[in-house]
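Understanding the architecture of this molecule
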Amino acid sequence: MARRENGLCIDLEKFHVSEACGFVLPEPLTVLPGFYQPWMEMANSLTGLIEQHQLRREVNQMQLLSTNFLTGHKQLRLAHLALSFITMGYVWQDGETNTTKVLPRNLAVPFCKVSEILGLPPILVHADCVLANWKKKDPNGSMEFGNLDTIFVLPGGDSLKGFFLVTLLVEMAAVQGIKAVSVAAGAVLRPDDDSLENALQDLAKSIKQMKEALKKMDDHVDPATFYGVIRLFLSGWKDNPAIPEGLLYEGVAEETRQYSGGSAAQSSTLHCFDEFLGIRHNRESAGFLDRMRDYMPPSHKALIQIIASGPSVREYIVSKGSPALRETYNNCVAALVDLRNHHITVVTRYISITAAKAKAEKAKQTGSAHVLQRAPSALEERGTGGSGIMCFLKNVRDTTKRGMIDI
Ligand code: HEM
């Protein structure tokens, strides 16, 4: 049973969701047993090797290592993180023109094995680059930007680190909201309106804090570097004209495979909040978002399903709720709309406006070394997860708005 027997709340620990960190992996490991030194050395030297166009050569000479000596969830997550970063570097080392169709056996075989054990796809996912890619500079210090660092990097310098760490802080701001959802689900079951109202207030507060955290993107991520460099290394090989047939994982399967790239659309947080509040997205958007659930750790996906299958808080409030409860529920929906509106502003700045600048820069044909000259064109109209961006994001925002209950 996913719910505690006394019906108090959903037992988050059962879904590998921690009280302190939510979906973020608490205190990820930063080293693997010595046997895996070849992977760790490679993952720690990616930017230099990519800049010198030497990564593929090095990976091709890497030993094929057994995954049998990896023990425990945290070692497996670190192995997935390291191998996913090496894979993204391998595929995109030479930009979108000289891509590879084959991931060599010595990388593909262990990567697919670790992925299979974790129930994750063999590509970089949000659960790698954000949820499991962080450490504190001062272990006794707090989870604030200045005290955080990433474990591995790809090209993109401080902006890449900023992108992962600000997203991590957005996830941390959501922790209170995830706990509130677990409490509120129990409150609807009992039912207990006071407890439900308090939990909904906590949820609204948490979503507002997520927006505040998202605002930090401006301070730490340069749009040209994001558009011209970072996005490429997060891109996948599904519906991507740069790798139209997908990637052959040598030694694993005879057929090529297609996977979407890393995107915060793979974060379980908003999926949980949408399901809890009873937000119903239209068929096309829901189709993309549902597909993104296959890129989440299975236990996190299971939590979303438990929330979706529980009694509907929305129906409860529509049929029995007091005006105060309706208002508190609506505050949550309004905060979610506001967060999604701000996210659209961020995407406009980092993708739409920068795409226009990149086009203008490329049209100059001056051969300048501007970072936007090298911006990947296969991705112009798409997010890294492969969606047609603005239309999708506005649709999702608008269906969220429709969740409001008439008072
Ligand atoms: C520079 C910063 C960001 C950019 C440029 C960006 C871009 C995008 C794009 C293009 C999509 C469409 C789906 C895709 O194809 O990947 C998307 C979706 C999404 N992003 Fe972001 N994103 C950014 C930061 C964040 C952060 C920090 C979060 C919070 C964890 C986030 C959460 C989401 C969610 C939940 C979706 C799915 C749509 C929705 O539920 O509203 N994004 N993002």
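If you're wondering where the values come from, they're calculated on a predicted model, not measured in any experiment.

A few words on the overall build of the protein chain. A count of helices and strands for the protein chain gives 17 helices and 4 strands. By the compact-globule yardstick of 22 Å for 407 residues, the protein chain fits well, its C-alpha radius of gyration being 22 Å. In terms of principal-axis extent, the alpha carbons of the protein chain reach across some 65 × 55 × 45 Å. Residues classed as buried in the protein chain amount to 57% of the 407 residues present. Relative to all contacts within the protein chain whose residues are 6 or more apart in sequence, the contacts with residues 24 or more apart total 78%. Of the roughly 17400 Å² that the protein chain leaves accessible, carbon and sulfur atoms contribute 50%. Computed over 44 positive and 44 negative side-chain charges, the separation of the two mean positions in the protein chain equals 3 Å.

It is worth spelling out the side chain of Arg56 at this point. Residue placement: Arg56 occurs in helix H3 (residues 55–60). Residues within four places of Arg56 in sequence aside, it is in contact with Tyr90, Val91, Gln93, Asp94, Asn98, Thr99 and Thr100.

Attention now moves to the UniProt feature "binding site: heme b" (unreviewed entry) in the protein chain. Residues annotated by UniProt as "binding site: heme b" (unreviewed entry) correspond here to His343. Position of His343 among the secondary structure elements: in helix H16 (residues 323–364). With a relative accessible area of 34%, His343 lands in the partly exposed category. Beyond its immediate stretch of four places on either side in the chain, His343 contacts Leu214 and Leu393.

With that settled, consider the UniProt feature "coiled-coil region" (unreviewed entry) in the protein chain. What UniProt calls "coiled-coil region" (unreviewed entry) maps, in this numbering, to residues 193–220. End C-alpha to end C-alpha, residues 193–220 measures 42 Å, and it is 93% helix and 0% strand.

Before going further, it helps to spend a moment on the environment of Thr400. Residue placement: Thr400 occurs in helix H17 (residues 389–401). By relative accessible area, Thr400 is classed as buried at 0%. Taking C-alpha positions, Thr400 is 37 Å from Ile86, a pair spaced 314 residues apart along the chain. Not counting residues within four places of it along the chain, the set of residues in contact with Thr400 comprises Ile279, His281, Val333, Leu336, Val337 and Arg340. A polar side-chain atom of Thr400 sits 2.6 Å from the main-chain carbonyl oxygen of Val396.

With 14 residues, helix H5 (residues 105–118) ought to run about 20 Å at 1.5 Å a step, and its terminal C-alpha atoms sit 20 Å apart, in line with that. Buried residues of H5: Asn106, Leu107, Ala108, Pro110, Phe111, Cys112, Val114, Ser115 and Leu118, and no others. Looking at the buried side of H5, the elements it contacts are helix H1 (37–44), H3, helix H4 (72–92), strand S1 (102–103), strand S4 (248–249) and helix H14 (298–309). Looking one or two residues past H5, Gly119 carries a phi angle of roughly 75°, positive in sign.

Per the counting criterion, the structure on display carries 13 salt bridges. A salt bridge links Arg280 to Glu275, with the nearest nitrogen and oxygen atoms 3.6 Å apart. Among the ionic contacts, a cluster of salt bridges with common partners joins Glu275, Arg280 and Arg293.

With 21 residues, H4 ought to run about 30 Å at 1.5 Å a step, and its terminal C-alpha atoms sit 31 Å apart, in line with that. For H4, a buried count of 18 out of 21 residues is recorded, marking the element as mostly surrounded by other parts of the structure.

The next thing to look at is the side chain of Ser84. As for its placement among the helices and strands, Ser84 is situated in helix H4. On the basis of relative accessibility, which here comes to 0%, the residue Ser84 falls in the buried class. In contact with Ser84, other than residues within four places in its own chain, are Phe111, Ile123, Leu124 and Asp128.

Thresholds, definitions, all that
Residues numbered from 1 in each chain as written. Predicted model: local features only at pLDDT ≥ 70, side-chain atom pairs only at ≥ 80, totals over all residues. Heavy atoms only, no water. Helix = DSSP H or I, 4+ residues; strand = E, 2+ residues; numbered from the N terminus. Rg over C-alpha atoms; globule rule 2.2 N^0.38 Å. Buried < 20%, exposed > 50% of the residue type's maximum accessible area, 1.4 Å probe, protein only. Contact = heavy atoms within 4.5 Å. Areas by Shrake-Rupley, 256 points an atom, 1.4 Å probe, with all protein chains shown as cover. Lys, Arg positive; Asp, Glu negative; His and termini not counted. Charge placed at Lys NZ, Arg CZ, Asp CG, Glu CD. UniProt positions renumbered as here; feature names shortened; annotations may be inferred. Polar contact = N/O pair within 3.5 Å; in protein donor to acceptor, adjacent residues only side chain to side chain. Expected span 1.5 Å × (residues − 1). Salt bridge = Lys/Arg side-chain N within 4 Å of Asp/Glu carboxyl O.

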